[in-house]
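The primary structure of each chain is shown beneath.
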Amino acid sequence: MAPRHHRDVPNNKLNSWFANTKSPVIMSAPMLGVANGALAAAVSKAGGLGFIPGGLDFTPHSAQLATLADELTTARRLLGLADRMLTPLPVGVGFILSHASLVHFEETAIPLLQDHSPQAVWLFAPHPEHAVSGLVRRVVAALKNSGFIVIFQVGNVASARQAALDGADIIVAQGADAGGHQFAGGAGIVSLVPEVVSMLEREFAGHGIVVAAAGGIVDGRGVAAALALGAEAVVMGTRFLIAPEASTAEFQRKLVIETEDGGPSTSKSSVHDDLYGVRANWPSPYDGRAIIGEPWRDHLKGVPLEENIKKNQEAKAAGDVTRLVTWAGTGVGLVKDALPAGDIVREVREAAQQRIKQLQTLF
């Protein structure tokens with residue numbers, strides 16, 4: 001069983017929960033297909049908090065859970081804790097809650113987490129039916145009873161309120177500039193983060209819920225801005241896409257580096273999921289942002305969905321990668337240097353500290 005966390009520490013809560021972290025705390029997003037044990041370990045070793053994706057399949061003998069176990073083992077080895085299995089592992093795990101197999105979570109995911117002892121579990125995208133049935137709250141309770149810090153990714157004030165009611169310790173307020181999957185109806189962090197913070201102060205005073213900002217943050221300037229908005233930590237995903245530790249394909253790395261002007265160069269739509277046959281995993285509250293490619297351009301030209309899907313399948317069979325999706329946020333235009341993940345964390349943290357000092361000279 002993972003050790004229970006203590007909630008009576010009066011100082012910085014994140015640094016007391018995650019003793020390896022340095023402020024401002026930078027988290028790497030649990031990007032499915034990109035993040036892994038090596039990336040998470042490098043982020044945590046540099047004073048951030050790295051996350052490993054656990055997927056959405058919680059059935060017995062799930063291949064995704066088996067991969068998660070392997071990646072957690074890798075992270076423990078890279079962090080020098082392979083012979084100290086009772087020591088909490090200073091990384092987190094992320095799960096998507098939209099799949100029907102969530103009913104097996106306590107049976108399959110909880111024992112795995114107890115065996116590997118990551119320090120936090122990140123939850124996102126519960127199916128509306130699971131929320132109504134109480135299944136999501138049961139999952140949160142099972143995690144907290146096992147001693148894990150529970151993080152909930154949200155995209156609007158209503159979902160932040162529900163996450164607080166369900167027992168979240170940390171709420172990731174994800175703005176619409178984020179890459180990958182997110183709430184279809186959302187706002188940028190400039191308005192979302194302050195409104196979520198204000199709601200928590202008003203309705204959940206004394207609960208000590210921490211807010212982290214995500215969406216469009218790729219450098220120290222973005223971190224400083226997020227802190228000014230009321231966040232206590234930040235999440236970056238797109239910035240880590242080209243880190244050597246990431247599992248990003250080479251064509252995607254090249255595309256990320258070459259992409260400029262992230263707003264018009266990316267599109268936010270559920271059509272991406274339709275084009276790649278994964279819409280069933282992402283019910284109506286969610287969509288995703290990706291770098292614009294030929295399938296999106298075909299969609300705008302009026303190419304029927306079935307024909308577009310067929311073109312994707314034929315290209316994939318022929319080894320043509322140009323029609324595959326590359327999830328990325330609007331900050332992609334600022335991502336140019338393929339630094340190791342640890343260097344990214346240190347560079348961004350130090351740049352944020354310097355920017356905050358510079359701002360103080362304005363007053």
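Below or above, wherever it landed, is the structure these notes cover. (Residues numbered from 1 in each chain as written. Predicted model: local features only at pLDDT ≥ 70, side-chain atom pairs only at ≥ 80, totals over all residues. Heavy atoms only, no water.)

Brief notes about the pattern of salt bridges
Side-chain pairs of opposite charge can arise whenever the charged atoms involved come near each other. Rules: In the sections that follow, a salt bridge refers to a side-chain nitrogen of Lys or Arg positioned within 4 Å of a carboxyl oxygen of Asp or Glu. Under the scheme used here, helices are H or I runs from DSSP no shorter than 4 residues and strands are E runs no shorter than 2 residues, and both carry numbers assigned from the N terminus. The classification of residues rests on relative accessible area computed with a 1.4 Å probe and restricted to protein chains. Under 20% of the type maximum is buried, over 50% is exposed, and intermediate values are partly exposed.
Across all of its chains, the model carries 14 salt bridges by this definition. As a salt-bridge pair, E258 and K254 come within 2.5 Å of each other at their nearest N and O atoms. Of this pair, E258 and K254 both sit in helix α10 (residues 250-258), four residues apart, which is roughly one turn of that helix. E258 sits in the partly exposed class, given a relative accessible area of 48%. Each of R161, R202 and E203 takes part in one network of salt bridges that share partners.

Observations concerning the packing of aromatic side chains
Put simply, the test is: What counts as a ring pair is set by centres within 6.5 Å for rings of Phe, Tyr and Trp (its six-membered ring), and what kind of pair is set by the plane angle: stacked under 30 degrees, edge-to-face over 60, tilted for all other angles.
On inspection of all chains with the given rule, the structure shows 10 aromatic pairs. Relative to F105, the ring of F58 has its centre 5.1 Å away and its plane inclined at 65°; by these criteria the two rings are edge-to-face. Of this pair, F58 sits in the loop between β2 (51-53) and α3 (63-78) while F105 sits in helix α4 (residues 105-116), placing them 47 residues apart in sequence. The pair F58 / F105 is uniform in exposure class, with both members buried. When the centroid spacing of 5.5 Å and the interplanar angle of 70° are considered together, the rings of F124 and Y286 count as edge-to-face. Of this pair, F124 sits in strand β4 (residues 118-124) while Y286 sits in strand β11 (residues 286-291), and the two are 162 residues apart along the sequence. Taken individually, F124 and Y286 each receive the classification buried, so the pair is uniform in this respect.

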